[in-house]
Amino acid sequence: VDFFTPIVDDPYVFGQIAAANSLSDVYAMGGRPLSALSIVAYPAKGDPETLGEIMRGGLEKMQEAGCALLGGHSIADDEMKFGYAVTGTIDPRRILTNGGARPGDRLVLTKRIGTGVIGTALKRGTAREEDVEAAVESMRTLNRSACEVMLRYPVGGCTDITGFGLLGHAREMAAGSGTTIELDHRQVAFLPGALEYSAQGAIPGGLKNNREFVSCAVTYKSEVSEAVDNLLYDPQTS
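The paragraphs below set out a description of the structure included in this document. (Residues numbered from 1 in each chain as written. Predicted model: local features only at pLDDT ≥ 70, side-chain atom pairs only at ≥ 80, totals over all residues. Heavy atoms only, no water.)

## Side note on the packing of aromatic side chains
Under the convention used in this document: Stacked, edge-to-face and tilted labels apply to pairs of Phe, Tyr and Trp rings (six-membered ring for Trp) whose centres lie within 6.5 Å, assigned for plane angles under 30 degrees, over 60, and everything in between, in that order. The buried label goes to any residue with under 20% of its type's maximum accessible area, the exposed label to any with over 50%, and the partly exposed label to all in between, with areas taken from a 1.4 Å probe on protein chains only. Look at NZ for Lys and CZ for Arg. If either is within 6 Å of the ring centre and within 35 degrees of the ring normal, a charge sits over the ring.
Applying the stated criterion across every chain, the model contains four aromatic pairs. Ring geometry for Phe82 against Tyr84: centres 5.1 Å apart, planes inclined by 75°, an arrangement best described as edge-to-face. Tyr84 gets classed as buried once you look at its relative accessible area, which sits at 0%. Taken together, the ring pairs in this structure connect Phe4, Phe14, Phe82 and Tyr84 into an aromatic cluster. Taking the ring centre of Phe213 as reference, the NZ or CZ of Arg171 above it sits at 4.8 Å.

Have a look at this one:
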């Protein structure tokens, strides 16, 4: 189950991103989503057409995933929230968890990092349109293809990088696996504009929380710029 407040202005796109994000947990375990229930919090006096567009965006992304929307629940709330509870199936002989990393494994990232910083720059009005479009395209792209490719190989463990950021989820994987994960920051791909906005101070609150929580488990073998370091803690979506 996953739901959150709007991170883009377009209600249809918000619905798509929320759906892709909710489906991601199933894909991250090597599963296949089957059904979903929507979770809606919406202002009692809000525009019904806006809500309709959010629902339409989410439904179309669910249909793309081959996941049936069975119903859901809504409440009146002054702050809009939207997401889904998703149920799927998985081969019990091959359930991938974030505790499966082993010495000698390679860590493969399937998307670029930086959605939190870019979202903050968007709220500040400093983000370029093309950079926002690249981040939106990433967030609303299903992780289905990555899952399908992953299952062709002897993968030991997997996780989706969301609110705790790259380092936060790496810490979870390292702790669950009883090992250490080494990252070369030069090999991490960032979304267009993310480094620039990070250097300008477009820092989401979640990034600060992640650094406070995770930094005690992180050591550095070489100097990392502040802009890059921020992005390693940056909260991600889908």
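Next comes the rest of the description.
## Here's the deal with the sheet that holds strand β1 (residues 2-4)
For clarity, the threshold we go by: Any two strands with at least two DSSP-identified bridges between them are counted as paired. Numbered from the N terminus, helices here are DSSP runs of H or I no shorter than four residues, and strands are runs of E no shorter than two. The angle between two axes is taken between their N-to-C directions and runs from 0 to 180 degrees, where each axis is a line fitted to C-alpha atoms and a helix contributes only its stretch in contact. We call two residues in contact when some of their heavy atoms are within 4.5 Å.
The strand order across the open sheet formed by four strands is β1-β4-β2-β3, and the pairing between neighbours is mixed. The open sheet has two edge strands, β1 and β3 (68-76), and neither has a second partner. Put simply, the sheet's adjacent strands are angled 15° from each other on average, direction ignored. This element, helix α1 (residues 11-28), spans β1, β2 (32-42) and β4 (81-89) of the sheet and lies at about 35° to β4. Against the sheet, helix α2 (residues 48-64) makes contact with β2, β3 and β4, and its axis sits at roughly 20° relative to β4, the strand it touches most.

## As for helix α3 (residues 115-124)
For α3, the tally of buried residues reaches seven of 10 residues, placing the bulk of the element in the interior. Residues Thr115, Gly116, Val117, Ile118, Gly119, Thr120 and Ala121 constitute the buried set of α3. Of the surrounding elements, those touching the buried residues of α3 are α4 (129-139), α7 (194-199), α8 (205-214) and α9 (226-233). Just beyond α3, the residue with positive phi is Gly125, at close to 80°.

## As for α8
The following threshold applies: The reported arc concerns the directions from the helix axis to the C-beta atoms and nothing else.
Those residues of α8 lying buried are Leu207, Asn210 and Val214. The buried residues of α8 occupy an angular sector of 60° when the element is viewed end-on, so they sit on one face. Buried residues belonging to α8 abut α3, α6 (165-177) and α9.

## Description of the pairing of β4
Walk down a regular strand and you will see the side chains alternate between the two sheet faces. Strand direction decides the pairing type here: β1 and β4, joined by three bridges, are antiparallel. Each residue of the ladder has a partner; that of Asp2, found in β4, is Tyr84. When β2 meets β4, the two strands line up antiparallel, connected through nine bridges. From the neighbouring strand, Ile39 faces β4, where its bridge partner is Gly83.

## Some thoughts on the nonpolar core
Counted only if it meets this: By nonpolar core we mean a set of buried residues, namely Ala, Val, Leu, Ile, Met, Phe, Trp, Tyr and Cys, connected to one another through side-chain atoms within 4.5 Å.
By size, the foremost hydrophobic cluster in this structure holds 53 residues, and its most contacted members are Leu23, Met62, Val86 and Phe190. The dominant element in this core, judged by the number of residues it contributes, is α1, at 11 residues. Sequence-distant contacts of Met62, defined by excluding residues within four places in its chain, comprise Ala19, Leu23, Ala36, Cys67, Tyr84 and Val86.

No statement about biological role is implied by the geometric values presented.
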